[in-house]
Amino acid sequence: RSGRPCVHMFRACPHGVACGFCHIPHDAPPKQLDKLERGALRDMPPEMSAALMLPMISEKMSAIPHSESAARALLRLRAACAITGAAEQSCGRREHRRLRCRLQAMSLRHLLTVF
């Protein structure tokens, strides 16, 4: 069988068992930033990108068991970034809404690689 999904996967496949395509549902590939989003993130001041991403990283880390050293590293990262109220307010701008949504959909591993 092929690893490619069958186009009839969600309804009865006319080929049945003889179908050469996969009928097993798979997880969607991890979300990634497109060129515009990567550019917007790259052009942001570091404190603004930290204000945008650290709450998401914290939320995702709290949902999984992690070591004490990972928790300490997150606290040190927050302190090093010195997030200000002004940076948090500027992250609420309309043009950053799409970027925020895309970052929220990313896994913790992918968020940390972008950060």
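Everything in this summary refers to the structure shown in the same document. Being a predicted model, the structure only gives us computed values, none of them experimental.

Reading the values: the criteria
Residues numbered from 1 in each chain as written. Predicted model: local features only at pLDDT ≥ 70, side-chain atom pairs only at ≥ 80, totals over all residues. Heavy atoms only, no water. Helix = DSSP H or I, 4+ residues; strand = E, 2+ residues; numbered from the N terminus. Buried < 20%, exposed > 50% of the residue type's maximum accessible area, 1.4 Å probe, protein only. Contact = heavy atoms within 4.5 Å. Areas by Shrake-Rupley, 256 points an atom, 1.4 Å probe, with all protein chains shown as cover. Axes fitted to C-alpha atoms, helices over the stretch in contact; angles between N-to-C directions. Parallel < 35°, antiparallel > 145°, perpendicular 65-115°, else oblique. Left-handed = near helix turned anticlockwise from the far one by under 90°. Nonpolar A, V, L, I, M, F, W, Y, C, P; charged D, E, K, R; others polar. Core = buried A, V, L, I, M, F, W, Y, C linked by side-chain atoms within 4.5 Å. Lys, Arg positive; Asp, Glu negative; His and termini not counted. Salt bridge = Lys/Arg side-chain N within 4 Å of Asp/Glu carboxyl O. Polar contact = N/O pair within 3.5 Å; in protein donor to acceptor, adjacent residues only side chain to side chain.

So, about the overall build of the protein. Across its full length, the protein holds six helices and zero strands. In the protein, the order of α-helices and β-strands from amino to carboxyl end is α-α-α-α-α-α. Evaluated residue by residue, the protein yields a buried proportion of 29% over its 115 residues. Counting contacts in the protein only where the partners sit at least 6 residues apart, residues at least 24 apart contribute 60% of the total. Summed over its atoms, the accessible surface of the protein is roughly 8200 Å², and 58% of this surface lies on carbon and sulfur atoms.

The next thing to look at is the packing of helix H2 (residues 46–62) against helix H5 (residues 97–105). Viewed as axis vectors pointing N to C, H2 and H5 meet at an angle of 25°, and their least axial separation amounts to 10 Å. By the angle between their directions, the pair H2 and H5 is classed as roughly parallel. You can see that H2 and H5 cross each other, and the crossing is right-handed. Touching Leu52, Met53, Met56, Glu59 and Lys60 of H2 are Leu99, Arg100, Leu103 and Gln104, all from H5. Looking at the contact of H2 with H5 residue by residue, the class counts come to five nonpolar, one polar and three charged.

Core analysis: the largest hydrophobic core is formed by 17 residues, its most contacted members being Leu41, Leu52, Met53, Ile57, Leu99, Leu103 and Leu111. Looking at this core, the elements with two or more residues in it are H2, H5 and helix H6 (108–114). Sorting elements by how many residues they give to this core places H2 first, with eight residues. Each residue touching Met53, except ones within four places of it in the same chain, is listed here: Leu41, Leu103, Leu111, Val114 and Phe115.

We now examine the side chain of Lys60. Note that Lys60 resides in helix H2. No salt bridge is formed by the buried Lys60; its nearest oppositely charged neighbour, Glu59, is found at 6.1 Å. At 3.0 Å, the side chain of Lys60 forms a polar contact with the backbone oxygen of Met106.

This structure, assessed with the given rule, holds three salt bridges. When the shortest N-O distance is used, the salt bridge between Asp34 and Arg98 registers 2.6 Å. Remark: Arg98 occurs in helix H5 and Asp34 occurs in the segment before helix H1 (35–43); sequence separation between them is 64 residues. Given the relative accessible area of 24%, Asp34 is considered partly exposed.

Here we take up the packing of H1 against H5. Two numbers describe a pair of packed helices, the interaxial angle and the distance between the axes. At a minimum axis distance of 10 Å, the contact between H1 and H5 shows a crossing angle of 105°. Between H1 and H5, the angle is such that the two are roughly perpendicular. Counted together, Glu37, Ala40 and Leu41 of H1 and Arg98, Leu99 and Arg102 of H5 form the full contact between these two elements. A breakdown of the residues in the contact of H1 with H5 according to their chemical character gives three nonpolar, no polar and three charged.

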